[in-house]
Amino acid sequence: MSEKIYCVAGFKPKPGKEEAVFKALQSLEPNAHREDACIHYTVTRQIDNPFAQGTGYPIVFHEIWASREEFEAHCQRKEIQDFFAQHVEAPDGDIEDANVCVYTDEPWNFDAPKV
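These figures come from a predicted structure and were not determined experimentally. (Residues numbered from 1 in each chain as written. Predicted model: local features only at pLDDT ≥ 70, side-chain atom pairs only at ≥ 80, totals over all residues. Heavy atoms only, no water.)

**Remarks on the overall build of the protein**
A tally of helices and strands in the protein yields four helices and four strands. Each helix and strand of the protein, placed in order from N terminus to C terminus, yields the pattern β-α-α-β-β-α-α-β. In terms of overall dimensions, the protein has a C-alpha envelope of 55 × 40 × 20 Å along the principal axes. Within the span of the protein, comprising 115 residues, buried residues form 30% of the whole. (Helix = DSSP H or I, 4+ residues; strand = E, 2+ residues; numbered from the N terminus. Buried < 20%, exposed > 50% of the residue type's maximum accessible area, 1.4 Å probe, protein only.)

Below, the structure is given as structure tokens:
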């Protein structure tokens, strides 16, 4: 049975703050990659493409963690807490809105073998 957690964290920068937000999020990558439970942790930015014209937040983190507990431990790191306090929650922060969601790859009622 998979214990992996997939996180998609979308960020909507305030006008004119796109590059600053992207750089601030990139600065979180090196330490996250040092965490043993981090399988994938990459910030991306939306680009124009005629085959993918959907709408969404222009900056998105794609994360894969070994387990829910380890993802939650990551979220409690001071660096992550400080980022959200400074950039998302503070009235003068550079981020207008954020949407962080977690997912599993386990189907409903999966009858995983017991080993």
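Next comes the rest of the account.
**Observations regarding helix α1 (residues 18-26)**
For the α-helix, the turn length of 3.6 residues means that residues three or four positions removed from each other point alike. Restricting attention to buried positions, one finds in α1 the residues V21, F22, A24 and L25. Projected onto a plane normal to the axis of α1, the buried residues spread over an arc of 165° and lie on a single side. Exposed residues lying more than 90 degrees from the buried face of α1 are E19 and K23. Elements in contact with the buried residues of α1: β1 (5-13), α2 (29-34), β2 (38-45), β3 (59-65), α4 (78-89) and β4 (95-103). (Arc of directions from axis to C-beta. Contact = heavy atoms within 4.5 Å.)

**Quick look at the sheet that holds β3**
Ordered in space as β2-β3-β1-β4, the four strands form an open sheet in which the pairing is antiparallel. Unpaired on one side and paired on the other, β2 and β4 mark the two borders of the sheet. On average, each strand axis in the sheet is tilted by 10° relative to the strand beside it, whichever way the strands run. Bridge count for β1 against β4 is eight bridges, and the pairing is antiparallel. Within β4, the position partnered with A9 by the bridge is V100. (Pairing = 2+ DSSP bridges. Axes fitted to C-alpha atoms, helices over the stretch in contact; angles between N-to-C directions.)

**Looking at the UniProt feature "domain: ABM" (unreviewed entry) in the protein**
Residues given the UniProt feature "domain: ABM" (unreviewed entry) here are residues 5-103. Secondary structure across residues 5-103 comprises 35% helix and 33% strand; the distance between its end C-alpha atoms is 6 Å. (UniProt positions renumbered as here; feature names shortened; annotations may be inferred.)

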